[in-house]
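# Structure assessment
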Amino acid sequence: MKEQLSTKQQERNEKKKKKLAALANIIQMNDRDRIQEAEEQLAKRKLSEHDEGLGEGEQQEDDGFVTVCSKKRKPRNRLTIMMADSSSSETTVAAAAASDAATSDAGETGSGSGSGSGCDEPEIKRSRNHSAGGDNNTLDNGDLTLTQEQYKSLATELRRRKRELESVPAVNLRDMGRRAHLEVPQDARTPIFLADIQHLLMSALIGKKSPCVPDRWCSAEKFQSLSHSVVLILEGLSLYHYLSHESQFQATNRIFETKLEMVMPPQDEGKIIDTIAQIPLTNVQAQKLINEHGSLESAMELNKDPTLFVKAIFPMEPQQSARATGLHADDKFPRTKLLLSALQMVDEGYPIPLQGELQERFKSYKLTKATYAPVTDCSPMFGVDCEMCRTITGANELTRISIVDEQYRTVYETLVRPVNRITDYLTQYSGITADIMQSVTKTLKDVQREVSELLPPDAILVGQSLNSDLNAMRMMHPYVIDTSVCFNISGVRKRKSKLKFLAKTFLQESIQENEDGHDSIEDSRATLKLVKMKLANSIEFGDEILTQRKRIHDVIRATCGDGLTNNLLAHATKRDKRTAIVTVGDLQPRLKEVIQKAEEAAATVSKDALKSVHVHEVACSKEAVRKVNEIALENSLTIANLLVPEQDFVMEKAERSAAKLDKYIERIWNTVAHNGLFLVLMGGSAECQKGVAKIAIKRLANGNVPQSPILSTIKSTPT
């Protein structure tokens, strides 16, 4: 038997119904405001045209008076449903009658109102009620009643509308992203990296649990609401091609507002799709990486190639015969995995010859070598530390430099005479005094020449916050291991520990305790010892962030067993996370290896598991676009790789080829679903390695949003 509601409970339910009805009225008013404003503007335009068409002979005689016609919009009661035809005379009469009736009813039922005619209500209030459109749709205590079914439907509808408004995915550029925008002048533009796009895709696929997030350059908001992602790669189309024929990309420019310059890997290092596909393509593959490496973070650190984009920025030697491969005898994992990537070097403030604002800032810096050899897992490491003094310019300038090899032998050590006069020797840190510097004659140029002669072309420099040392040396180097990055005991990536504390914690050595200042040889040895200790253990050693991640996964695995996938990729389990790859021609060997790993991971879970990565090899670009249109809505991620031949952009063919690519982009965009992420990557060419990344999220127009049937029902409810 249904429990009888008390009087207060019934009153509360009635108040809730009235509040919901009021919200419904507001929604209807918002929908009609746009219609009413458009009608008023049209009426004003017609009136002005009519007035302009009147001749002087058609005007009435001047009787000394001026007639003023006011078209002022009437005020509106905020709880009143505005009808589309409220300007008609019939609606006005009905509104006045309904308002009078409502006022009369209120006077008869109100306590202490001695008259049933509503005369106790002030005239100005009655006038305001009439002018506010108080027709028979006005929300009043006796005008609107909701059935229980209508009440439930309305509450459900309002919750749905609220979720829609709160779950709109977006990509908002941060400062680094805004610097890469094509609207920024070229000399002030700092491009993003292909790895940045990779991180954006990982966030779209894996969500908040992604080990790599694009926070460096953008804010990925509400990505759990993305319907799917489509990536179109145009191999062979560079920034130069796009800017030279931008007028032919009419649809592309209309679709995309976010257009960023991007650093691409060298042409001989493989295709863009090979790099993009390094992300875990399926949930099962991500789970297998966790099982192998303890966490996705560790897996990504071990699977990345930090030198990929460094090779595109620094001058490299021509490819030679295969060099020594395999791990160093003392290492348990490749030492190249500890190298800073080009992206990390930019974030950490390292001098790097990256075109744009950074190139202008470091134009006076020297390279440590004219050209560099590819780094290997056996490349030699050198510890570097510098001491500086403050000069009359207000900046710190190099006064001492020490370099030690892997056997901790000092291979270079010298004092340096700064270019400018020293104002503060910073003795408590540098150990430098006026007496020490009195007889020093070696200059910065001498040091730069000698360091360049000393270091081999594949040398790996090791140091604590080595960016400060390289800036003091006014030199740039591509292969760097920074102990302040690969060691982290705070659990916060941006919060770094001092070298003195790291040496005490891991080496049980006390350094920097000399009252006369730091010893640069001692510091450079300490950094080398720390790195060699990490290489003798694991990628997580000394990194509290990676250690915590692994510890969490171990606990979940022990307590939840097979439930780890659901905990790790909570949003991904709500739908099938399949991936499709469409490529013109045969699949590249590297990509085949990536797909094979994904399928092997799926097979370890279930032999009957559906194929999670579908590959479609087609004959031409037109067929590839058609295939993408067929399958895009069936997959969480669709990657299409189109080849743009170099001959397509010769003088007589360039405009026609650009217009054809523009049509391809528009066709795929028309297939993308509501809240779908669409990326177009123009991958550079042999002549110009600069690429372009275009990003857009599709949203339905307001006019395509279906009208709620419950709101229509409430509107037509008789009073």
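This one's a predicted model, so the numbers in the text were calculated from it and none came from an experiment.

### Notes on the confidence of the model for the protein
Mean pLDDT over the protein works out to 76, with 69% of the residues at or above the 70 mark. Taken together, the stretch residues 279–302 has pLDDT below 50 and engages in 78 contacts with residues farther than four places along the chain or on a different chain. pLDDT under 50 marks residues 555–576. Its contacts with residues more than four places away, or in other chains, come to 34 contacts.

### Observations regarding the pairing of strand β14 (residues 579–584)
With respect to burial, β14 is a largely interior element, six of its six residues being buried. A two-sided burial pattern is seen for β14, the buried positions comprising Thr-579, Ile-581 and Thr-583 on one face and Ala-580, Val-582 and Val-584 on the other. Alignment of β14 against strand β15 (residues 613–618), held across six bridges, turns out to be parallel. Along β15, the bridge assignment pairs Val-582 with His-616. In this structure, β14 lies alongside strand β16 (residues 637–643), joined through five bridges in parallel fashion. Among the inter-strand pairings, Thr-579 is bridged to a residue of β16, identified as Leu-637.

### So, the packing of helix α20 (residues 499–507) against helix α21 (residues 520–535)
Across the interface, α20 lies against α21 with an axial gap of 10 Å and an inter-helix angle of 45 degrees. When the axes of α20 and α21 are compared, the pair comes out oblique. The handedness of the crossing between α20 and α21 comes out as left-handed. Contacts between α20 and α21 involve Leu-499, Leu-502, Phe-506 and Leu-507 from the first element and Asp-523, Ala-526, Thr-527, Lys-529, Leu-530 and Met-533 from the second. Tallied by class, the residues present in the contact of α20 with α21 amount to seven nonpolar, one polar and two charged.

### Quick look at the packing of aromatic side chains
Tallying each qualifying case throughout the model produces 10 aromatic pairs. In textbook terms, an aromatic cluster arises when at least three aromatic residues are bridged by ring pairs, as seen for Phe-256, Trp-669 and Phe-678. Across from the ring centre of Tyr-408, 5.6 Å away, lies the NZ or CZ of Lys-529, which sits over that ring. Across the ring face of Trp-669, the terminal group of Lys-698 is positioned such that the distance to the ring centre comes to 5.4 Å.

### Topic: helix α26 (residues 654–671)
Helix length check: α26 (18 residues) gives 26 Å between terminal C-alpha atoms against 26 Å at 1.5 Å per residue, within 8%. Taken residue by residue, α26 has Ala-654, Ser-657, Ala-658, Leu-661, Asp-662, Tyr-664, Ile-665, Ile-668, Trp-669 and Thr-671 as its buried positions. The inward-facing, buried residues of α26 contact β4 (229–235), α8 (250–255), α25 (621–631), β16, β17 (677–682) and β18 (690–697).

### Describing a positive patch on the surface
Where like charges cluster on the molecular surface, the positive patch consists of Lys-8, Arg-12, Lys-15, Lys-16, Lys-18 and Lys-19. Positionally, Lys-8 belongs in helix α1 (residues 7–53). Among the residues examined, Lys-8 registers a relative accessible area of 61% and is labelled exposed.

### Thoughts on the pattern of salt bridges
Inspection of the entire model under this criterion finds 19 salt bridges. Its salt-bridge partner being Arg-400, residue Glu-413 comes within 2.6 Å of it at the nearest N-O pair. Note that Glu-413 is positioned in strand β9 (residues 410–415) and Arg-400 in strand β8 (residues 396–404), a separation of 13 residues in sequence. A relative accessible area of 34% means that Glu-413 is categorised as partly exposed. A residue is classified by how much of its surface remains accessible, and Arg-400, at 17% relative accessible area, is buried. For Glu-450, the salt bridge is made with Lys-442, and the minimal N-O distance between the two is 3.2 Å. For Lys-442, a relative accessible area of 25% corresponds to the partly exposed category.

### Notes on the packing of α25 against α26
Contact pair α25 / α26: the axes reach a minimum separation of 9 Å and the direction vectors enclose 10 degrees. Overall, the two elements α25 and α26 adopt an arrangement that is roughly parallel. Touching Ser-621, Lys-622, Val-625, Val-628 and Asn-629 of α25 are Tyr-664, Arg-667, Ile-668 and Thr-671, all from α26.

Rules and cut-offs
- Every chain is numbered on its own, with residues counted from 1 as its sequence reads.
- Selection of residues for local features in this predicted model requires a pLDDT of at least 70, selection of side-chain atom pairs for listing and counting requires 80 or more, and totals for whole chains, interfaces and linings are taken over all residues.
- Note that water and hydrogens are dropped before the side-chain values are worked out from all heavy atoms of the structure.
- pLDDT measures the predictor's confidence residue by residue and takes values from 0 up to 100.
- Pairs of residues are marked as contacts when any of their non-hydrogen atoms sit within 4.5 Å.
- Categorising residues by exposure relies on relative accessible area from a 1.4 Å probe, with only protein chains included: less than 20% of the type maximum marks a residue as buried, more than 50% marks it as exposed, and the intermediate range marks it as partly exposed.
- The way it works is that DSSP assigns letters per residue, a run of H or I at least four long becomes a helix, a run of E at least two long becomes a strand, and they are numbered from the N terminus.
- Two strands form a pair only when DSSP identifies at least two bridges running between them.
- Every axis corresponds to a line fitted to the C-alpha atoms, with the helix fit spanning only the stretch in contact, and the corresponding angles, defined between N-to-C directions, vary from 0 to 180 degrees.
- By definition in this entry, angles of less than 35 degrees are roughly parallel, angles greater than 145 are roughly antiparallel, angles of 65 to 115 are roughly perpendicular, and the rest are oblique.
- A clockwise turn of the near helix away from the far one marks a right-handed crossing, whereas an anticlockwise turn of less than a right angle marks a left-handed crossing.
- Three categories are distinguished: nonpolar for Ala, Val, Leu, Ile, Met, Phe, Trp, Tyr, Cys and Pro, charged for Asp, Glu, Lys and Arg, and polar for the others, with Gly belonging to the last.
- What counts as a ring pair is set by centres within 6.5 Å for rings of Phe, Tyr and Trp (its six-membered ring), and what kind of pair is set by the plane angle: stacked under 30 degrees, edge-to-face over 60, tilted for all other angles.
- Put simply, a charge is over a ring when the Lys NZ or the Arg CZ is close to the ring centre, within 6 Å, and near the line of the ring normal, within 35 degrees.
- Multiplying one less than the number of residues by 1.5 Å gives the expected span of a helix.
- Patches here are clusters of residues that have more than 30% relative accessible area and form no salt bridge, with a 9 Å joining cutoff for like charges and a 5 Å cutoff for nonpolar side chains (Val, Leu, Ile, Met, Phe, Trp, Tyr).
- Accessible areas in this description were obtained via Shrake-Rupley with a 1.4 Å probe; residue shielding takes into account the shown protein chains only.
- A pairing counts as a salt bridge when a side-chain nitrogen of Lys or Arg comes within 4 Å of a carboxyl oxygen of Asp or Glu.
- In this tally Asp and Glu are treated as negative and Lys and Arg as positive; neither His nor the chain ends contributes.
- Note that the charge is assigned to NZ on lysines, CZ on arginines, CG on aspartates and CD on glutamates.

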